[in-house]
Amino acid sequence: MKNVVERMKNLSNFLVLEANLNGEMNLKIETDLVSVTTHFKDLGNPSWGDNGSQDSTQDRDPETMMDVKVDIRKLLQFLAGQQVNPSKVICNIVNKRIVHFILLHEDVSLQYFIPAHA
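Since the structure is predicted, the reported quantities are computational estimates derived from the model, not experimental observations.

**Student:** Break down the side chain of His-100 for me, with residues and values.
**Tutor:** Structurally, His-100 is set in strand S6 (residues 98-105). A residue is classified by how much of its surface remains accessible, and His-100, at 15% relative accessible area, is buried.

**Student:** Residues and numbers for the packing of aromatic side chains, please.
**Tutor:** Counting across every chain of the model gives 2 aromatic pairs. With a centroid separation of 4.1 Å and an interplanar angle of 15°, the aromatic rings of Phe-78 and Phe-101 are classed as stacked. Highlighted residues: Phe-78 in helix H2 (residues 72-80) and Phe-101 in strand S6, separated in sequence by 23 residues. Given the relative accessible area of 3%, Phe-101 is considered buried. Counting every residue linked through ring pairs, the aromatic cluster contains Phe-78, Phe-101 and Tyr-112.

**Student:** Please give an account of the pairing of strand S2 (residues 25-30) that cites residues and values.
**Tutor:** As judged from the 4 bridges shared by strand S1 (residues 14-19) and S2, these two strands associate in the antiparallel manner. Considered in S2, the bridge of Ala-19 is made with Met-25. Counting the residues that bridge the hairpin from S1 to S2 gives 5 residues, and of these Gly-23 lies at a positive phi of roughly 80°. Bridge count between S2 and strand S3 (residues 35-40): 6 bridges; the pairing is antiparallel. Directly across from Glu-30, in S3, lies its bridge partner Ser-35. The hairpin turn running from S2 into S3, its antiparallel successor, is 4 residues long.

The rules we used
- Residue numbering note: each chain is counted from 1, following its sequence as written.
- In view of the model being predicted, local features appear only for residues whose pLDDT reaches at least 70, and side-chain atom pairs are presented and counted only at 80 or more, with totals across whole chains, interfaces and linings using the full set of residues.
- Side-chain numbers here rest on the full set of heavy atoms in the structure, without hydrogens or water.
- In this description a helix means any DSSP run of H or I spanning at least four residues, a strand means any run of E spanning at least two, and both kinds are numbered starting from the N terminus.
- Accessibility here uses a 1.4 Å probe with only protein chains present; expressed as a share of the type maximum, an area under 20% marks a residue as buried, one over 50% as exposed, and anything in between as partly exposed.
- Each pair of aromatic rings taken from Phe, Tyr and Trp, with Trp reduced to its six-membered ring, is defined by centres within 6.5 Å and is described as stacked if the planes are under 30 degrees apart, edge-to-face if over 60, and tilted in the remaining cases.
- We treat two strands as partners when DSSP finds at least two bridges between them.

In structure tokens:
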């Protein structure tokens, strides 16, 4: 993913990250001259809470994409932090507001928040 975002950085300062509950995620940039999208499929979708329920997502269509437009340099800062070689990365998107990443590695978890660009 880091290589893709580094190449997109040469075309735009901002990137749209979108994902749904079906394990699909897209990275998109759009300029006056070009539109580029990279698709990721079959990603895991972990359950949350003590009983495995996802109360906030139960009523949502699993096909519906949530998206956030972020500064591509801030996303690259996060991706550079993956040098710890995490066993799992969790991505939470609050539609049009913020993206929240959690890197899990053995007994350590790192959290990274990237606010949406207006």
